[in-house]
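Residue-level structural notes
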Amino acid sequence: MTSKLKDIHTEVLVVGAGAAGITSAIAAARNGAKTLLIEYNGFLGGISATLPWLGFHDRDYRQVIKGLPHEIVTKLQRMNAASDYVLDPKCSSLVSVDNHSWKVLAIQMAEEAGVEIMLHTHMVDTLRTNDRIEGVEVEHKSGRQKIYAKVTIDCTGDGDVAARGGVEWEKGRTADGLVQAPTLVFRLGGMDRDKFVAACKDKSLNYREWIAPYPELWAKLQKNLDKLDVFVLGGLAVLVEKARMAGDLDVPQTRVVGVKLHRSDQFQVVMTRVLGLDPTDVKSVSMAYSRLYAQIPQLVRFFQKYVPGGENCYLLEIAPMLGIRESRRIMGDYLLKKEDLIEGRVFEDAVAMGGYHIDIHRPKGSWVESHNVKAYTIPVRSLIAKGVEGMMMAGKCLSATHEAVASTRVIPICMAQGEAAGTAAGLAVKKGMEVRDMPVAELQQQLRKQGAEIGETLGEPNWKAIEEVGQLPMTEPPTAGDEDAVTKQEKAWIQ
Ligand SMILES: Cc1cc2nc3c(=O)[nH]c(=O)nc-3n(C[C@H](O)[C@H](O)[C@H](O)COP(=O)(O)OP(=O)(O)OC[C@H]3O[C@@H](n4cnc5c(N)ncnc54)[C@H](O)[C@@H]3O)c2cc1C
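In this text the structure is predicted, and so the values were computed from the model without any measurement.

So, the sheet that holds strand 13 (residues 256-260)
A sheet is described by the order of its strands in space; here five strands give the open sequence 12-13-14-11-15, paired in antiparallel fashion. Whereas interior strands pair on both sides, the edge strands pair on one side only; in this sheet they are strand 12 (231-235) and strand 15 (314-318). Adjacent strand axes in the sheet meet at a mean angle of 25° when their direction is disregarded. In the packing of helix 5 (residues 193-201) onto the sheet, contacts are made with strand 12, strand 13 and strand 14 (267-269), and the angle to strand 12 comes to roughly 50°. Helix-sheet contacts for helix 8 (residues 282-306) involve strand 11 (186-189), strand 13, strand 14 and strand 15, and the interaxial angle to strand 11 is about 30°.

Looking at helix 11 (residues 411-431)
With 21 residues, helix 11 should reach 30 Å at 1.5 Å per residue; the first-to-last C-alpha distance of 30 Å fits that figure. Burial of helix 11 is extensive: 19 of the 21 residues sit out of reach of the surface. At the exit of helix 11 stands Gly432, carrying a positive phi of roughly 65°.

So, the packing of aromatic side chains
For the coordinates displayed, the defined rule picks out 11 aromatic pairs. Between Tyr207 and Phe231, the aromatic rings sit 6.4 Å apart at their centres with planes inclined by 85°, giving edge-to-face as the arrangement. With a gap of 24 residues between them, Tyr207 in the loop between helix 5 and helix 6 (215-225) and Phe231 in strand 12 connect regions that are remote in the sequence. Tyr207 gets classed as buried once you look at its relative accessible area, which sits at 1%. The class of Phe231 is buried, set by a relative accessible area of 4%. With 5.5 Å between their ring centres and 80° between their planes, Phe302 and Phe303 make a pair best called edge-to-face. Judged on exposure class, the residue Phe302 and its partner Phe303 are both buried.

Observations concerning the state of the cysteines
What the rule picks out here adds up to zero disulfides. Note on Cys155: no disulfide assigned, nearest cysteine sulfur contributed by Cys397 at a separation of 6.5 Å. A relative accessible area of 7% means that Cys155 is categorised as buried. Looking at Cys200, it has no disulfide partner, and the nearest cysteine sulfur is the one in Cys313, 14 Å off.

Structural notes on helix 3 (residues 99-113)
The terminal C-alpha atoms of helix 3 lie 21 Å apart, and with 15 residues this matches the ideal 21 Å at 1.5 Å per residue to within 8%. Immediately downstream of helix 3, the backbone of Gly114 shows phi near 95°, a positive value.

A few points about the packing of helix 2 (residues 67-78) against helix 3
Where helix 2 contacts helix 3, the axes come no closer than 11 Å and their chain directions differ by 125°. In terms of axis orientation, helix 2 runs oblique to helix 3. By crossing handedness, the relation of helix 2 to helix 3 is classed as right-handed. The residues of helix 3 that touch helix 2, namely those facing Leu68, Glu71, Ile72, Lys75 and Leu76, are Ser101, Trp102, Leu105 and Met109. Across the contact of helix 2 with helix 3, the residue classes tally to six nonpolar, one polar and two charged.

Examining the sheet that holds strand 3 (residues 53-54)
With antiparallel pairing, the three strands of this open sheet are ordered in space as 3-5-4. This sheet does not close on itself; its edge strands, each paired only once, are strand 3 and strand 4 (86-88). As defined by bridge partners, strand 4 adjoins strand 5 (residues 92-95) across three bridges and the pair is classed as antiparallel. Bridging from a neighbouring strand, Leu87 pairs with Ser93 of strand 5.

Concerning the site of the ligand
Near the ligand you find 34 residues, and of these Glu39, Pro52, Asp160, Lys396 and Arg409 are the closest. The backbone of Ala19 places a nitrogen or oxygen atom 3.2 Å from an oxygen atom of the ligand. One nitrogen or oxygen atom from the side chain of Glu39 is found 2.6 Å from an oxygen atom belonging to the ligand. Protein coverage of the free-state accessible area of the ligand, which is 1000 Å², stands at 97%. Of all elements in the fold, only helix 1 (19-30), strand 3, strand 7 (122-129) and helix 11 reach the threshold of two or more residues within the shell around the ligand. Element by element, the count of residues in the shell around the ligand is highest for helix 11, at three residues. When the residues that make up the shell around the ligand are grouped by side-chain class, the tally is 18 nonpolar, 11 polar and five charged.

Definitions and cut-offs
Residues numbered from 1 in each chain as written. Predicted model: local features only at pLDDT ≥ 70, side-chain atom pairs only at ≥ 80, totals over all residues. Heavy atoms only, no water. Pairing = 2+ DSSP bridges. Helix = DSSP H or I, 4+ residues; strand = E, 2+ residues; numbered from the N terminus. Axes fitted to C-alpha atoms, helices over the stretch in contact; angles between N-to-C directions. Contact = heavy atoms within 4.5 Å. Expected span 1.5 Å × (residues − 1). Buried < 20%, exposed > 50% of the residue type's maximum accessible area, 1.4 Å probe, protein only. Phe/Tyr/Trp six-rings, centres within 6.5 Å; stacked < 30°, edge-to-face > 60°. Disulfide = S-S within 2.5 Å. Parallel < 35°, antiparallel > 145°, perpendicular 65-115°, else oblique. Left-handed = near helix turned anticlockwise from the far one by under 90°. Nonpolar A, V, L, I, M, F, W, Y, C, P; charged D, E, K, R; others polar. Near = heavy atom within 4 Å. Polar contact = N/O pair within 3.5 Å; in protein donor to acceptor, adjacent residues only side chain to side chain. Areas by Shrake-Rupley, 256 points an atom, 1.4 Å probe, with all protein chains shown as cover.

Okay, structure coming up:
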């Protein structure tokens, strides 16, 4: 029989150590709060430790994500573990990162900031008294334990603290509750870079469908392709179709989607997919894993047989966790909306920014739905849980609509939210106040001091980059694909 474990008391508790959780914890600790970070995996990073990072800039190629996320990138670059910022007309910018080096750095930076870390620790319940969230209950190898905190930040990506604490949340599209399709990403090694680039230059293969309708932009991208170590793919549909017709591929994805990484023979594949997943239902998640694992060998063979440069490729790594693009979104004092992003709204209580397009991987049907956005701000109210005291959120479970979260969900923007939430929590604790009552000007002043961008120093569009890289129009025609008109074949893919 195990003896009862002592309760833990901390000032700021961060639940979940993905992109948002790590930066929340570091920012809270750097601002003087006794901070505890709990995570059920055996590493820090969550999904950010499986993918390149997209969206540090806006469509005018101005850097909207600075502060702590930029510090992290700079450190990784110094470790020779990340590429430069690569500008891109659809994704604004990307940085290709060595996943394992990021895990190493994340733990090091958190410890240096004074964050206490508990790994393989699963938050299983929320401690709530009346309208105050007081912390969480966790389960780990030593048993069950209660953790009390002045501020709890939900960075689980699933809104677990909210769901167990009776805090309002929403999930998926308003009409039917369906969330974006999830993907289990994997990495290929052994790609022949030159052959692969040559295929991307073959117009008939159309490696980048977004760009194809704009000949000038296409020409610029082609010119840069030889120089680029890192570039995005969303096309080669003819090859996918050929494999499907030959009976070699049965995956609900009609394009080659992924990123050519800074390691010259590596390609990150983002093509596995299931439709109709409920990320909060264990049966649905388990079924998704078994379907996705079954798709990976098919996709590796597809690259070997159909994709130029893939002849000798091999499976290098499967991400250690399912990539869930969307789950519970916690309702906060403000709900960020699609229009706020498209209009590039500057809120008075802005604490973070974003500039990545709205990128919805269709919950049904295939391919994606996309809307370009202007550089927008995120108000602190979207980081404060509605109707309770003592609770914030950052990352995927931000208070945002299904459409808005399809932009705010990318790694750099999650990190910026985390820096804002952690800073707010740290300052509030120091002042003995509720986060909601913190003077916004003081929080913004501190964020400025930390080098974060909150919409004040962007300046003019980066004309030089616009000239060199090119720019997509703000409004593009609707993307091709099946929208929700699910084909017979796709129906079979829906869980
Ligand atoms: C397939 C896919 C491809 C993507 N591609 C890109 C890309 O190329 N570039 C990009 O920038 N963004 C990309 N994104 C988006 C981005 O990766 C994620 O939205 C972002 O990393 C989410 O960060 P987060 O911190 O909110 O959540 P997560 O990374 O999900 O972190 C949540 C953490 O909380 C932990 N946790 C959850 N519940 C509990 C609990 N109850 N107790 C304890 N711990 C818990 C989890 O283990 C995890 O570590 C992609 C997303 C997906 C799914």
